Amino acid sequence: MTSTAVEKNSSVFQDLTALFNEILGIVGALSDPETKKRFADTFDAMDQNLAQVIVAKHDILHALEHDPCSAGGQTEAVRLASWQASQLTPLILKLSAQIGDIRTSMQSAEVRAHADGIVSKLLADEVHRYWSGDLLMYCRLSPDQQAAFLMEIQQSQTALQASSAGLRNLIAKLNP
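What comes next concerns the included structure. Predicted model only: the values in this text are computed from it and were never measured. Counting restarts for each chain: residues are numbered from 1 in the order of the written sequence. Local features in this predicted model are restricted to residues of pLDDT 70 or higher, and side-chain atom pairs are both shown and tallied only at a pLDDT of 80 or more, whereas totals for entire chains, interfaces and linings draw on every residue. Water and hydrogen atoms were dropped before computing side-chain values, which therefore reflect all heavy atoms in the structure.

### A look at the packing of helix α2 (residues 12–27) against helix α4 (residues 76–105)
Two quantities define a packed helix pair, namely the angle between the axes and the distance from one axis to the other.
Then comes step 1: To get an axis, a line is fitted to the C-alpha atoms, and for a helix only the part in contact is used. The angle between two axes follows their N-to-C directions and goes from 0 to 180 degrees. The helix count covers DSSP runs of H or I at least four residues long, the strand count covers runs of E at least two residues long, and both are numbered beginning at the N terminus. Relative to each other, α2 and α4 sit at 30 degrees, their axes nearing to 13 Å. With respect to α4, the axis of α2 lies roughly parallel. Read as a crossing pair, α2 and α4 show a hand that is left-handed. The segment α2 lies against α4, with Phe-13, Leu-16, Leu-19 and Ile-23 engaging Ile-92, Leu-95, Ile-99 and Ile-102.
Then comes step 2: Residue composition of the contact of α2 with α4, grouped by class: 8 nonpolar, no polar and no charged. An angle below 35 degrees is read as roughly parallel, one above 145 as roughly antiparallel, one from 65 to 115 as roughly perpendicular, and any other as oblique. Two helices that cross are described as forming a left-handed crossing if the nearer one is turned anticlockwise from the farther one by less than a right angle, and a right-handed crossing if clockwise. Should any heavy atoms of two residues lie within 4.5 Å, those residues are considered in contact. As a working rule, the residues Ala, Val, Leu, Ile, Met, Phe, Trp, Tyr, Cys and Pro are called nonpolar, Asp, Glu, Lys and Arg charged, and the rest polar, with Gly in that last group.

### Some remarks on the state of the cysteines
Then comes step 1: Two cysteine sulfurs form what is called a disulfide whenever their separation falls within 2.5 Å. For the coordinates displayed, the defined rule picks out 1 disulfide.
Then comes step 2: The disulfide bridge from Cys-69 ends at Cys-139, spanning 2.0 Å between sulfur atoms. Between Cys-69 and Cys-139, the disulfide has an S-S torsion of -105 degrees and is therefore left-handed. With a gap of 70 residues between them, Cys-69 in the loop between α3 (33–65) and α4 and Cys-139 in the loop between α5 (109–126) and α6 (143–174) connect regions that are remote in the sequence.
Then comes step 3: Throughout this description, buried means an accessible area under 20% of the type-specific maximum (1.4 Å probe, protein chains only), exposed means over 50%, and partly exposed covers the range between. Residue Cys-139 is classed as partly exposed on the basis of its relative accessible area of 29%.

### So, the side chain of Glu-126
Then comes step 1: Within the fold, Glu-126 resides in helix α5.
Then comes step 2: At a separation of 3.1 Å, a polar atom in the side chain of Glu-126 contacts the side chain of Lys-57. The term polar contact refers here to a pair of N or O atoms within 3.5 Å; inside protein, the definition further demands a hydrogen-donor-capable atom paired with an acceptor-capable atom, and it admits residues adjacent in sequence only when both atoms are side-chain atoms.

### A word on the packing of aromatic side chains
Then comes step 1: The pairing test for Phe, Tyr and Trp rings, Trp by its six-membered ring, is centres within 6.5 Å, and the orientation test on the planes gives stacked under 30 degrees, edge-to-face over 60, and tilted for anything in between. Per the stated rule, a full pass over the model turns up 4 aromatic pairs.
Then comes step 2: Centroid distance Phe-39 to Phe-43: 5.9 Å. Interplanar angle 15 degrees. Geometry classified as stacked. Remark: Phe-43 and Phe-39 occur in helix α3; sequence separation between them is 4 residues, near one turn of the helix. The same class applies to Phe-39 as to Phe-43, namely buried.
Then comes step 3: Their ring planes at 50 degrees and their centres at 6.1 Å tell us that Tyr-138 and Phe-149 sit as a pair that is tilted. Here Phe-149 lies in helix α6 and Tyr-138 lies in the loop between α5 and α6, a separation of 11 residues in the sequence.

### Here we look at unusual backbone geometry
Then comes step 1: Phi at Trp-131 takes a positive value of approximately 55 degrees, unusual for a residue other than glycine.
Then comes step 2: Mapped onto the secondary structure, Trp-131 falls in the loop between α5 and α6.
Then comes step 3: According to the relative accessible area criterion, Trp-131 is partly exposed, its value standing at 23%.
Then comes step 4: Phi at Ser-132 is positive, roughly 55 degrees, even though this residue is not glycine.
Then comes step 5: Checked against the element boundaries, Ser-132 lands in the loop between α5 and α6.

### Side note on the packing of α3 against α4
Then comes step 1: It is at 8 Å that the axes of α3 and α4 come closest, and there the two elements cross at 155 degrees. Relative to α4, the element α3 is oriented roughly antiparallel. For the crossing formed where α3 meets α4, the hand is left-handed.
Then comes step 2: Of the residues contributing to the contact of α3 with α4, the split by class is 21 nonpolar, 7 polar and 4 charged.

### Section: the pattern of salt bridges
Then comes step 1: The working definition used for a salt bridge is a side-chain nitrogen of Lys or Arg within 4 Å of a carboxyl oxygen of Asp or Glu. Under the criterion given, the structure shown has 6 salt bridges.
Then comes step 2: Lys-121 serves as the salt-bridge partner of Asp-15, at 2.4 Å between the closest nitrogen and oxygen. In this pair, Asp-15 is assigned in helix α2 and Lys-121 in helix α5, connecting sequence segments 106 residues apart.
Then comes step 3: The exposure class assigned to Asp-15 is partly exposed, which follows from its relative accessible area of 21%.
Then comes step 4: Across the salt bridge formed by Arg-129 and Glu-126, the nearest N and O atoms sit 3.4 Å from each other. Neither residue differs from the other here; Arg-129 and Glu-126 are each classed as buried.
Then comes step 5: Each of the salt bridges in this network shares a partner with another, and the network as a whole consists of Lys-57, Glu-126 and Arg-129.

Written out as structure tokens, the structure reads:
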């Protein structure tokens, strides 16, 4: 992994926040209670999934910040983070599918294109970001690559939290 790949990837969750803001303007104008409820339920399920991604990335960051390579990766924090990392692939796949479902519900070509781009980035950049749970692969990175990788996780955490806040705002708008 190069630092260029890290920098390019860090924007996928920022894009997700922007998508939620775009959708907010569309669904905020809805008047049909059934349609509003359907969207609210869909977004609520997505928010629960995002919460799991945030927890997993937090645990991974915590473990990797505490020199996992010196103890041969056998600390409890690294074992937990490795399990969390192995769970990220299905969570990201689920998030991609949820965004795809939202995409099909939107009439705006701009929103659909934006959602398609996010799904593509998630599938290309995030699905195997954590070596399918083998966090000891982190130890094979150079110190510069390790620092860049940690920075990417921190940036994605911040962007994920903003996405989750935007999504909760969207849900609140649908459930007055």
